[in-house]
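Chains, contacts and geometry: an overview
The residues making up each chain are set out below.
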Amino acid sequence: QVTLKESGPGILQPSQTLSLTCTFSGFSLSTYGMGVGWIRQPSGKGLEWLANIWWDDDKYYNPSLKNRLTISKDTSNNQAFLKITNVDTADTATYYCARMVLITHVMDAWGQGASVTVSS
Amino acid sequence: DIVMTQAPLSVSVTPGESASISCRSSKSLLHSNGITYVYWYLQKPGKSPQLLIYRMSNLASGVPDRFSGSGSETDFTLKISRVEAEDVGIYYCGQLLENPYTFGAGTKLELK
């Protein structure tokens, strides 16, 4: 069974760096074709894909945020990470991580989400 | 960026009847490998999105066969036959053909 769980600071102030962790089980990021993606959703709004990382450490970022995003992984501890620098109120959202599978090119399992509020 | 446009924004359905949701992309989602990279997700109230359909017409594991996906290169349809109470939520189409991956604004399904 594939499970993912996001964790983050909950609240942070404008201009700070947001650090998110995705802890997963049921698959390995050292296995060919596996990946983890990050998606966010402001309250009451739609989905915005942010970034994803693959088993071979290939990384892709949403160009609209690329300069502020860094995605990484810790294969031995089954974790993936996302950092967003210089946050502002527009970054307030629920952040999801999802497993990605190369063969079907799909985000097939999502975490429960971590709520992040940026406020002074 | 590829824009995904869904219609309608909301739909009200009598349990047992069928419902269709449309999605249009601003660019063909048909890859040269013959695969169409459109996906459908359902976000139930207070929950995270769950995969329903992948690559236009493939039913995800554990999803009832009341759900089906179809379409062309730019126009796609999610059909739900015999709608049940558990189908309530917001349906999103999305494209994973090219960066950045993008999603439609969502269609809210309610019961009459």
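Going by the structure above, here's the rest.
A brief look at the structure comes next. In this numbering scheme, every chain counts its residues from 1 along its sequence in written order. Each chain takes a letter, starting from A, and each ligand takes a number, starting from 1, following the order in which they are written. It should be noted that, the model being predicted, local features are given only for residues of pLDDT at least 70 and side-chain atom pairs only at 80 or more, the latter also being counted only at that level, while totals for whole chains, interfaces and linings use all residues. Water and hydrogen atoms were dropped before computing side-chain values, which therefore reflect all heavy atoms in the structure.

1. With respect to the pattern of salt bridges
Where charged atoms from two side chains of opposite charge approach closely, those side chains can pair. This is how the line gets drawn: Definition used for salt bridges: Asp or Glu carboxyl oxygen within 4 Å of a side-chain nitrogen of Lys or Arg. Only runs of H or I of at least four residues qualify as helices and only runs of E of at least two qualify as strands under DSSP, and these elements are numbered from the N terminus. Here's how the labels work: a residue is buried when its accessible area is under 20% of the maximum for its type, exposed when over 50%, partly exposed in between, all with a 1.4 Å probe on protein chains only.
According to the stated counting rule, one finds twelve salt bridges over all chains in the structure shown. One salt bridge in this structure joins Asp91(A) and Arg40(A), with 2.7 Å as the shortest N-O distance. Here the residue Asp91(A) occupies a position in the loop between β8 (79-84) and β9 (93-101), and Arg40(A) occupies one in strand β4 (residues 34-41), the gap between them amounting to 51 residues. The pair formed by Asp91(A) and Arg40(A) is uniform in burial state, with each residue classed as buried. For Arg66(B), the salt bridge identified is with Glu86(B), shortest N-O distance 3.5 Å. Pair noted here: Arg66(B) is in the loop between β6 (58-59) and β7 (67-71) and Glu86(B) is in the loop between β8 (75-80) and β9 (89-95), with a separation of 20 residues, a long-range link.

2. Things to note about the pairing of strand β5 (residues 48-54) of chain A
Residues and elements named next belong to chain A. We apply this condition: Here the rule is simple: two strands pair whenever DSSP picks up at least two bridges between them.
Judged by how many residues are buried, β5 sits mostly within the fold: six of seven residues are covered. Bridge analysis of β4 against β5 gives six bridges, and the strand direction is antiparallel. Each residue of the ladder has a partner; that of glycine 35, found in β5, is tryptophan 54. As consecutive antiparallel partners, β4 and β5 are separated by six residues, and within that stretch glycine 44 has a phi angle of approximately 75 degrees, a positive value. Pairing of β5 with strand β6 (residues 59-61) involves three bridges; the strand directions are antiparallel. Bridge assignment links asparagine 52 to a residue of β6, and that residue is tyrosine 60. Taking the residues between adjacent antiparallel strands as the criterion, β5 and β6 are bridged by four residues, where aspartate 57 takes a positive phi near 75 degrees.

3. Side note on unusual backbone geometry
In this structure, the amide linkage connecting Ala7(B) to the following residue, Pro8(B), adopts the cis form with an omega of -5 degrees. In this structure, Pro8(B) sits in the loop between β1 (4-7) and β2 (10-13). In the Ramachandran plot, Ser15(A) falls in the positive-phi region, its phi being about 80 degrees despite a non-glycine side chain. Following the sequence through the fold, Ser15(A) ends up in the loop between β2 (11-12) and β3 (18-25).

4. A closer look at the state of the cysteines
All names here are of chain B. The following threshold applies: Two cysteine sulfur atoms make up a disulfide if the distance between them is within 2.5 Å.
Throughout the structure, instances matching the rule amount to two disulfides over all chains. There is a disulfide in this structure between cysteine 23 and cysteine 93, and the S-S distance comes to 2.1 Å. Its S-S torsion of about 75 degrees marks the bond between cysteine 23 and cysteine 93 as right-handed, since a negative value means left-handed. Note that cysteine 23 is positioned in strand β3 (residues 19-25) and cysteine 93 in strand β9, a separation of 70 residues in sequence. Residue class for cysteine 93 comes out buried when judged on its relative accessible area of 0%.

5. Considerations on the interface of chain A and chain B
Applicable threshold: By definition in these notes, contact holds between two residues if any of their heavy atoms fall within 4.5 Å. Throughout, the accessible surface (probe 1.4 Å) given up by two parts as they are put together, summed over both, is called the buried area. Two N or O atoms form a polar contact when they lie within 3.5 Å of each other; inside protein one atom must be a possible hydrogen donor and the other a possible acceptor, and for residues adjacent in sequence the pair counts only when both atoms belong to side chains. Polarity classes work like this: nonpolar for Ala, Val, Leu, Ile, Met, Phe, Trp, Tyr, Cys and Pro, charged for Asp, Glu, Lys and Arg, and polar for all others, with Gly in that last group.
Listed per partner, the contact involves 22 residues of chain A and 16 residues of chain B. For the pairing of chain A and chain B, the buried interface totals around 1600 Å² over both sides, and the portion due to carbon and sulfur atoms is 62%. In this assembly, chain A and chain B are joined by zero salt bridges. Taken together, the links from chain A to chain B amount to eleven residue pairs in polar contact (both at pLDDT 80 or more). Counting only elements with at least two residues in the side of chain A that touches chain B, the list comes to β4, β5, β6, β9 and β10 (106-110) of chain A. For the side of chain A that touches chain B, the leading source of residues is β10(A), giving four residues. Residue composition of the side of chain A that touches chain B, by class: twelve nonpolar, eight polar and two charged.

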